[in-house]
Amino acid sequence: MWRGAAVRVLWGGGAGSPRAASGEAAAQLRRRLESELEDIRGAGTWKSERVIASRQGPHLRLAGGGAGAYGAAGRALGLFPRCDARASLSLPAGILNFCANNYLGLSSHPEVIRAAVEALEKFGAGLSSVRFICGTQSIHKDLEEKIARFHQREDAILYASCFDANAGIFEALLTPEDAVLSDELNHASIIDGIRLCKANKYRYKHMDMQDLEAKLQDAQKHRLRLVATDGAFSMDGDIAPLREICQLAQKYDALVFIDECHATGFLGPNGRGTDELLGVMDKVTIINSTLGKALGGAAGGYTTGPKPLIDLLRQRSRPYLFSNSLPPAVVGCASKALDLLLESNAIAQSMAAKTQRFRSKMTAAGFTISGKDHPICPVMLGDARLAAVMAEDMLNRGIYVIGFSYPVVPKGKARIRVQISAVHSDEDIDRCVEAFTEVGRKHGALP
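Presented here is an overview of the structure given in this document. (Residues numbered from 1 in each chain as written. Predicted model: local features only at pLDDT ≥ 70, side-chain atom pairs only at ≥ 80, totals over all residues. Heavy atoms only, no water.)

**Points about the sheet that holds strand β10 (residues 368-369)**
If you walk across this open sheet you meet the four strands as β10-β11-β14-β13, and the pairing is antiparallel. The sheet terminates laterally at β10 and β13 (402-404), the two strands that pair on one side only. Packed on one face of the sheet, helix α15 (residues 346-365) meets β10, β11 (376-382) and β14 (414-419) and runs near 20° to β11. (Pairing = 2+ DSSP bridges. Helix = DSSP H or I, 4+ residues; strand = E, 2+ residues; numbered from the N terminus. Contact = heavy atoms within 4.5 Å. Axes fitted to C-alpha atoms, helices over the stretch in contact; angles between N-to-C directions.)

Right under this line is the structure:
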């Protein structure tokens with residue numbers, strides 16, 4: 001009886017008829033939130049979500065239609081003033097997807113799916129527990145061992161995401177006696193993780209080794225120095241100069257941490273990442289990466305490095321201690337993805353040729369592509385309006401790409417980010433280039 005009364009108090013009536021919180025404080029909050037949301041729309045930075053009605057892959061079906069992400073941005077920028085958010089666009093039935101982090105195409109690989117189903121049936125839907133209580137299964141330990149072996153490190157620890165891994169490492173490792181030196185364009189999760197720790201914080205200019213050296217010289221007064229950088233930067237497709245970073249770290253007695261979310265699985269001869277690509281695997285101390293991109297694309301992240309560090313994280317890392325264990329199906333996916341990579345480097349090696357094909361053809365067409373030799377291929381346009389309208393027009397031609405502008409990227413650096421996958425065919429890539437060329441000429445981005 002008391003439960004029924006509680007439901008009536010919370011929901012104000014029968015099932016399906018929730019009541020908004022009342023009172024002046026709630027009304028004031030609503031007004032403030034609505035004003036902030038309107039500011040986001042007005043700035044042209046509103047992020048809508050297209051609904052996919054198929055598996056993730058190079059070819060998609062979109063549910064419904066609608067103005068979607070670009071239509072919303074376009075309306076805010078005054079590009080499509082008559083376009084209603086619920087209006088249906090005439091989109092092609094099949095969409096070529098060039099904006100996923102599905103670098104190796106393993107998100108829908110039949111063996112990866114089968115491994116997830118088998119893990120689900122054998123180990124259940126979830127653990128309903130954190131790891132140190134009753135949330136560690138044999139498959140979790142097996143996956144951690146496999147991650148460490150893949151990266152040729154001593155041990156590894158799983159997290160719900162790499163965002164959590166980044167949130168959990170700096171606070172556990174660094175004290176007010178230490179210093180952390182971070183590239184200014186590091187991912188938000190690295191920035192947020194560093195904010196949580198009490199170490200002395202230095203920010204060096206993006207991939208500027210002269211500035212990093214100056215900061216390392218100043219940081220000599222601290223007990224421990226940790227240089228933190230993305231291995232590959234997701235907005236620009238550029239790769240950190242790890243050789244030079246490691247040389248400076250050795251010179252100034254510092255440690256090196258890299259976030260490999262946009263490198264694990266496909267950079268380097270065996271897909272081990274930027275440290276393998278640049279020949280410094282023995283000089284990088286700590287690697288954080290994800291299971292949610294190239295390695296099956298489901299979810300999860302990890303830290304791999306010295307065993308004492310991993311042991312310390314199991315004792316002190318708050319996202320690890322206070323988050324549920326990874327679900328068995330997710331563990332099964334990632335474990336099978338690593339099996340495929342450990343068995344053969346063929347998938348990882350296929351990325352280089354496909355990336356080069358797209359970059360060279362786009363450059364020949366007259367576009368400027370940022371970064372170098374990375375499957376993240378930002379098509380630099382400069383103008384936010386141009387990026388929004390071109391991305392919309394690309395979708396109308398059956399090519400799904402994303403336009404980015406301020407504040408996600410600096411003002412005047414708007415671009416359309418293209419991401420190449422191992423499962424894109426040469427015909428897919430050529431069709432994308434042809435569409436870009438047509439749209440670029442239509443909107444004045446090309447002569």
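There is more to say, and it comes next.
**Looking at the sheet that holds strand β5 (residues 200-204)**
The strand order β3-β9-β8-β7-β6-β4-β5 describes an open sheet built from seven strands, whose pairing is mixed. Only two strands of the sheet have a single neighbouring strand rather than two, namely β3 (155-159) and β5. Averaged over all pairs of adjacent strands, the angle between strand axes in this sheet comes to 20°, irrespective of strand direction. Where strand β7 (residues 255-259) meets strand β8 (residues 286-290), three bridges bridge the pair, whose relative direction is parallel. Opposite Ile258, over in β8, you have Ile287 as the bridge partner. Sheet strands in contact with helix α6 (residues 138-151) are β3, β8 and β9 (301-305), and its direction is about 125° off that of β3. Contacts from helix α9 (residues 209-218) reach β4 (179-183), β5 and β6 (225-230) within the one sheet, and its direction differs from that of β5 by about 160°.

**Here's the deal with the pattern of salt bridges**
Tallied over the entire structure, the rule returns 26 salt bridges. When the shortest N-O distance is used, the salt bridge between Asp393 and Lys442 registers 2.8 Å. Residue Asp393 is found in helix α16 (residues 384-396), and its partner Lys442 is found in helix α17 (residues 426-442); the two are separated by 49 residues along the sequence. Under the relative-accessibility criterion, Asp393 is labelled buried at 8%. Using a relative accessible area of 52% as the deciding quantity, one classes Lys442 as exposed. Overlapping salt bridges, with partners in common, bring together Arg131, Lys141, Glu144 and Arg314 in one network. (Salt bridge = Lys/Arg side-chain N within 4 Å of Asp/Glu carboxyl O. Buried < 20%, exposed > 50% of the residue type's maximum accessible area, 1.4 Å probe, protein only.)

**Details of the nonpolar core**
Core analysis: the largest hydrophobic core is formed by 56 residues, its most contacted members being Leu143, Ile147, Leu212, Leu216, Val227, Ile245 and Leu291. Counting residues per element, this core draws most heavily on helix α14 (residues 328-343), at eight residues. The contacts of Val227, once residues within four sequence positions are left out, are Leu181, Tyr204, Leu212, Leu216, Ile245, Ala254, Leu255, Val256 and Phe257. Leu96, Phe367, Ala391 and Ala414 belong to the second-largest nonpolar core, a separate cluster that totals 28 residues. (Core = buried A, V, L, I, M, F, W, Y, C linked by side-chain atoms within 4.5 Å.)

**Comments concerning the environment of Ile147**
Structurally, Ile147 is set in helix α6. As for Ile147 and Ala334, which are separated by 187 residues in sequence, their C-alpha atoms are 9.5 Å apart. Among all residues touching Ile147, those that are not within four sequence positions of it are Ala156, Leu158, Leu291, Tyr302, Thr304 and Leu338.

**Section: helix α7 (residues 162-173)**
The end-to-end C-alpha distance of α7 is 17 Å, a good match for the 16 Å that twelve residues give at a rise of 1.5 Å each. Turning to α7, its buried residues number three or more, namely Cys162, Ala165, Asn166, Ala167, Gly168, Ile169, Phe170, Ala172 and Leu173. (Expected span 1.5 Å × (residues − 1).)

**Some points on the environment of Ser405**
Looking at the element boundaries, Ser405 is found in the loop between β13 and β14. Leaving out residues up to four positions away in the same chain, Ser405 has contacts with Ala384 and Ala414.

**Looking at the packing of α9 against helix α10 (residues 242-251)**
Contact pair α9 / α10: the axes reach a minimum separation of 11 Å and the direction vectors enclose 20°. What the angle tells us is that α9 and α10 run roughly parallel. The handedness of the crossing between α9 and α10 is right-handed. For the pair α9 and α10, contact is made by Met209, Leu212, Glu213 and Leu216 and by Glu244, Ile245, Leu248 and Lys251, respectively. Partitioned by chemical class, the residues of the contact of α9 with α10 number five nonpolar, no polar and three charged. (Parallel < 35°, antiparallel > 145°, perpendicular 65-115°, else oblique. Left-handed = near helix turned anticlockwise from the far one by under 90°. Nonpolar A, V, L, I, M, F, W, Y, C, P; charged D, E, K, R; others polar.)

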